[in-house]
Amino acid sequence: EPEVTQTPSHQVTQMGQEVILRCVPISNHLYFYWYRQILGQKVEFLVSFYNNEISEKSEIFDDQFSVERPDGSNFTLKIRSTKLEDSAMYFCASIEGTEAFFGQGTRLTVV
Amino acid sequence: AQSVAQPEDQVNVAEGNPLTVKCTYSVSGNPYLFWYVQYPNRGLQFLLKYITGDNLVKGSYGFEAEFNKSQTSFHLKKPSALVSDSALYFCAVRDPTTSGTYKYIFGTGTRLKVLA
């Protein structure tokens, strides 16, 4: 069964450093998303991506965040200068029809 | 604006008993509704969805959910709970009338604890 894969599964970084979270969506899907879940809290929408551009972003997705699809398969989320409050589980998702398929998540810990 | 409410932070139920995890929603049009489950240190796993048609939808692992338009609810149910059902459950809504983004809005999650 096709699945969304995310790497790394866990990343520890120092405050102020840049991180790139990687996702490989399901190959024929066209809509891609990043969500995050701060420990014990709800899953929050960050950004949606379609046709190689951002289609919607939340207020969380400020200038420190960026997304791109550098090679037509990978879908990346970059945080330019991490803050302690960026520590969370980050989920990538791709959509076919009415169903979103989520990756297993990357746990980002900023120290 | 779209929103989803899961009024219970935690639900405890004895193994073998029926379980209900509550969800209510607010969306302008006819909603697409979903339930996802999250096991510890794992991603979000799709359980079931309501798009249209029969108000009672059946999903994975014996779960079902009933769409009630008048009460704007989409409660998750299972006739007989298992200890292995213990997990975090998220209700989500998508407003199909919003163009382009197919954005999902998640509830705050309900932790289900099934006691042996």
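Parameters at a glance
- Residues numbered from 1 in each chain as written.
- Chains lettered and ligands numbered in written order.
- Predicted model: local features only at pLDDT ≥ 70, side-chain atom pairs only at ≥ 80, totals over all residues.
- Heavy atoms only, no water.
- Pairing = 2+ DSSP bridges.
- Helix = DSSP H or I, 4+ residues; strand = E, 2+ residues; numbered from the N terminus.
- Axes fitted to C-alpha atoms, helices over the stretch in contact; angles between N-to-C directions.
- Contact = heavy atoms within 4.5 Å.
- Buried area = accessible area lost by both parts, 1.4 Å probe.
- Salt bridge = Lys/Arg side-chain N within 4 Å of Asp/Glu carboxyl O.
- Polar contact = N/O pair within 3.5 Å; in protein donor to acceptor, adjacent residues only side chain to side chain.
- Nonpolar A, V, L, I, M, F, W, Y, C, P; charged D, E, K, R; others polar.
- Buried < 20%, exposed > 50% of the residue type's maximum accessible area, 1.4 Å probe, protein only.

Asks: Would you take a moment to explain the sheet that holds strand β3 (residues 19–24) of chain A for this structure?
Replies: All names here are of chain A. The 4 strands are arranged β1-β3-β8-β7 in an open sheet whose pairing can be described as antiparallel. The strands lining the two open edges of the sheet, one partner per strand, are β1 (5–7) and β7 (65–68). Strand-to-strand twist in this sheet, taken as the mean axis angle between neighbours without regard to direction, amounts to 20°. In this structure, β1 lies alongside β3, joined through 3 bridges in antiparallel fashion. Residue pairing in the sheet places Thr5 in a bridge with Val24 of β3.

Asks: What am I meant to see in the interface of chain A and chain B here?
Replies: Many analyses report the size of an interface as the accessible area lost when the parts associate. Contact residues are listed per partner, giving 21 residues for chain A and 22 residues for chain B. With both chains or domains summed, chain A and chain B bury close to 1800 Å², and 56% of this area falls on carbon and sulfur atoms. In this structure, the connection of chain A to chain B is made through 2 salt bridges. In this structure, Lys103 of chain B and Glu56 of chain A form a salt bridge, with 2.7 Å as the shortest nitrogen-oxygen distance. At the boundary of chain A and chain B, one finds 5 residue pairs in polar contact (both at pLDDT 80 or more). Tallying contributions element by element places strand β4 (residues 31–37) of chain A first for the side of chain A that touches chain B, with 4 residues. A per-class count over the side of chain A that touches chain B returns 9 nonpolar, 8 polar and 4 charged.

Asks: Explain the environment of Trp35 of chain B to me, please; I cannot follow it from the model alone.
Replies: Residues and elements named next belong to chain B. Looking at the secondary structure, you find Trp35 in strand β5 (residues 32–38). According to the relative accessible area criterion, Trp35 is buried, its value standing at 0%. A C-alpha to C-alpha distance of 18 Å links Trp35 and Gln71, two positions 36 residues apart in sequence. Only 2.9 Å separates the side chain of Trp35 from the backbone oxygen of Phe74, close enough to count as a polar contact.

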